[in-house]
Amino acid sequence: MSSESKIFNPQSKVVYHIETVLDYFKNKSVDPINLEIDPSNACNHSCPFCISGHLHLNKFKGTEFFNRQMMHKDILMNLVKDLSKTKVKSVSWTGGGEPTMNPNLKLAIKYLKENSNIDMGMFSNGSMLTRFDLFETVVDSLSWIRISMDAGKAKSYDDLRITNKSNNFKVVLDNIKKLIKIKKERNSKITIGVGFVVTQDNYEEVLDFANLFKNLDVDYCQYKPEIIQIERNGASDKKQQISPTFWANKVIDLLDQASEILGEKFQCNSYKVQDLLVDKNKKYGREYKECIGSQLQPCIGADGEVYVCTNHRGHKERSYGSLYEKPFAEIWGDVAKRGCVMNQIENKEKFSMCSQLCKPHESNKILWQIKNNLNDKKVIDNLKKKSKEMAKLLVHKNFI
């Protein structure tokens with residue numbers, strides 16, 4: 001496996017943004033580096049491993065979390081207008097559910113493109129780009145798009161996601177090819193990637209996926225391990241992840257072979273795999289005492305709530321406020337409210353209600369180190385030096 005990625009490297013991206021990080025530690029007003037926005041909680045696929053499955057999968061109907069809400073047009077447009085006046089560096093259109101299901105997404109993307117310098121990217125299943133005519137908007141406006149595939153064969157893809165003729169394997173593959181075609185025609189710099197979440201159900205297709213895309217002009221093929229969010233586990237063991245022996249005995253060798261097949265296209269969130277392999281006291285690398293990363297990369301749900309992070313979608317007690325009541329800038333500027341929510345997570349619960357290997361997890365590791373060395377001038381100077389080096393090496397630097 002590749003240990004250092006130019007794209008998927010949260011710690012190096014934190015170092016790149018060291019001046020913003022230091023401002024945060026000086027208690028200055030700091031806008032998020034990356035803001036994840038969910039235009040939709042609804043999804044036309046049913047991936048069993050989805051980290052937000054508790055919001056839209058049928059098996060969660062009747063629970064407190066189930067909510068297939070679409071972000072209202074007025075809320076969405078007021079949000080992007082508000083963001084255009086902030087120092088937010090990047091927006092990731094994501095979910096929740098499938099972002100392209102929101103009929104107003106195109107309008108929101110165009111507004112940010114025309115009225116701000118905010119970088120944009122998108123996580124999508126790629127099946128609905130035709131419905132709202134998004135191909136050219138995506139290619140012209142986004143820095144990247146990653147299409148989730150998680151399979152190497154049509155049958156397993158369609159069975160896993162429970163698709164129909166309008167959103168199946170063939171449709172998505174054709175849409176990826178169309179994105180590539182339009183990218184070339186418009187001489188766009190957008191990065192087009194495809195993703196594979198490795199699970200116990202699909203790991204045998206790791207190489208099929210590699211062979212499927214090795215000759216297509218996608219920019220990368222990303223592998224990452226399945227992370228079981230806290231809502232999926234029973235009350236007896238909320239922290240349980242897939243056994244380290246699975247990754248060591250069944251997956252690592254396949255990833256090495258995939259790397260050989262794909263060459264420079266191969267990408268892997270190897271830092272997550274490493275944490276799963278070590279499995280020290282089931283902490284999976286969580287030795288930090290504060291979730292500082294969440295203060296640089298929060299999430300806005302389709303319900304209009306400004307959540308601590310993507311892993312807390314649907315947990316209203318993990319929200320700083322609602323866009324139905326206040327604009328984003330006002331919610332984010334309420335440092336006292338944010339501090340109250342984080343005090344509950346960090347000091348009272350001590351992360352007991354947090355999923356392992358969460359979105360801010362990797363950035364938290366380096367941020368905790370930085371906090372503990374703020375008075376060491378040599379360490380800070382070295383980080384500032386590395387920041388300049390990262391500027392030349394990293395891709396999509398504003399997306400932690």
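Here, the structure is the one placed above.
In this report, we go over the structure that sits alongside the text.

About the criteria used
Residues numbered from 1 in each chain as written. Predicted model: local features only at pLDDT ≥ 70, side-chain atom pairs only at ≥ 80, totals over all residues. Heavy atoms only, no water. Core = buried A, V, L, I, M, F, W, Y, C linked by side-chain atoms within 4.5 Å. Buried < 20%, exposed > 50% of the residue type's maximum accessible area, 1.4 Å probe, protein only. Helix = DSSP H or I, 4+ residues; strand = E, 2+ residues; numbered from the N terminus. Contact = heavy atoms within 4.5 Å. Phe/Tyr/Trp six-rings, centres within 6.5 Å; stacked < 30°, edge-to-face > 60°. Lys NZ or Arg CZ within 6 Å of the ring centre and 35° of its normal. 1 Å grid on protein atoms, 1.4 Å probe; cavity = no way out; pocket = protein on both sides within 12 Å on 5 of 7 lines; lining within 4 Å. Points joined across faces, edges and corners; volume = space filled by probe spheres on them. Nonpolar A, V, L, I, M, F, W, Y, C, P; charged D, E, K, R; others polar. Pairing = 2+ DSSP bridges. Right-handed = clockwise from strand over helix to strand, strands pointing away. Salt bridge = Lys/Arg side-chain N within 4 Å of Asp/Glu carboxyl O.

## Brief notes about the nonpolar core
Part 1: Counting residues in each nonpolar core, the largest one holds 104 residues, and the members touching the most others are Leu83, Trp93, Met149, Phe213 and Tyr223.
Part 2: A total of eight residues in this core trace back to one element, the largest contributor, which is helix α10 (residues 244–262).
Part 3: With near-sequence residues (within four places) excluded, methionine 149 lies in contact with Tyr157, Arg161, Phe169, Val172, Ile176, Val194, Gly195, Phe209 and Phe213.
Part 4: Judged by nonpolar contacts, the second largest core, of five residues, contains Cys47, Phe49, Cys50 and Leu160.

## As for the packing of aromatic side chains
Part 1: Summed over all chains, the structure comprises 15 aromatic pairs.
Part 2: Note on tyrosine 288 and phenylalanine 351: the rings are 5.8 Å apart at their centroids and 80° apart in plane angle, and the pair reads as edge-to-face. With tyrosine 288 in the loop between α11 (270–278) and β8 (299–300) and phenylalanine 351 in the loop between α13 (335–348) and α14 (361–371), this pair connects stretches of sequence that are 63 residues apart. Assigned by exposure class, tyrosine 288 and phenylalanine 351 land together as buried.
Part 3: Chaining the aromatic ring pairs together yields one cluster made of Phe196, Phe209, Phe213, Tyr223 and Phe266.
Part 4: The lysine or arginine in question, lysine 178, covers the ring of phenylalanine 135, its NZ or CZ lying 4.3 Å from the ring centre.
Part 5: Note that lysine 397 overlies the ring of tyrosine 16, its terminal NZ or CZ placed 5.8 Å from the centroid.

## Focus: empty space enclosed by the protein
Part 1: The final tally for this structure, using the stated rule, is two cavities of 30 Å³ or more.
Part 2: One number sums up the size of the second largest cavity: a volume of about 80 Å³.
Part 3: Along its surface, the second largest cavity is lined by 14 residues, and Arg286, Cys291, His312, Cys354 and Cys358 are the ones closest to its centre.
Part 4: When the residues that make up the lining of the second largest cavity are grouped by side-chain class, the tally is nine nonpolar, four polar and one charged.

## Quick look at the layout of surface pockets
In this approach the atoms are scanned with a rolling probe the size of a water molecule, which exposes any empty space left behind.
Part 1: Considering only enclosed or pocket space, the largest pocket measures out at about 430 Å³ in volume.
Part 2: In this structure, the largest pocket is lined by 21 residues; those nearest its centre are Tyr24, Asn27, Gln295, Val335 and Arg338.
Part 3: Tallied by class, residues from the lining of the largest pocket come to nine nonpolar, six polar and six charged.
Part 4: Estimates place the volume of the second largest pocket at around 370 Å³.
Part 5: Considering the residues around the second largest pocket, the lining is formed by 22 residues, among which Glu4, Asn9, Gln11, Ser12 and Ile366 are closest to the centre.
Part 6: Those elements giving two or more residues to the lining of the second largest pocket turn out to be α1 (10–16), α11, α14 and α15 (377–393).
Part 7: Per-element tally for the lining of the second largest pocket: the top contributor is α15, with five residues.

## Considerations on the pairing of strand β4 (residues 144–148)
Part 1: Counting buried residues in β4 gives four out of five residues, a clear majority hidden from the surface.
Part 2: Bridge count between strand β3 (residues 119–124) and β4: four bridges; the pairing is parallel. Of the residues in β4, the one forming a bridge with phenylalanine 123 is arginine 146.
Part 3: Once the chain exits β3 it traverses helix α6 (residues 135–141) before rejoining the sheet at β4, and the crossover so formed is right-handed.

## A few points about the sheet that holds strand β6 (residues 220–225)
Part 1: Pairing within the open sheet is mixed, and its 10 strands lie in the order β7-β6-β5-β4-β3-β2-β1-β8-β9-β10. Either end of the sheet is taken by a strand with one partner, and the two such strands are β7 (266–268) and β10 (319–322).
Part 2: Where strand β1 (residues 34–37) and strand β2 (residues 90–93) come together, four bridges link them in parallel fashion. Bridge pairing in β2 links leucine 35 to valine 91.

## Thoughts on the environment of tyrosine 111
Part 1: Among the structural elements, tyrosine 111 can be located in helix α5 (residues 105–115).
Part 2: Setting aside its immediate chain neighbours within four residues, tyrosine 111 contacts Met77, Val80, Lys81 and Ser84.

## Re the pattern of salt bridges
Part 1: By the definition in use, this model includes 19 salt bridges.
Part 2: Residues lysine 170 and aspartate 174 are paired through a salt bridge, measuring 2.8 Å at the closest nitrogen-oxygen approach. In this pair, lysine 170 and aspartate 174 are both assigned in helix α8 (residues 169–185), four residues apart and thus about one turn of the helix distant.
Part 3: Note on aspartate 174: relative accessible area 35%, which makes it partly exposed.
Part 4: Each of Glu136, Asp140 and Arg186 takes part in salt bridges that share partners, so that together they form one network.

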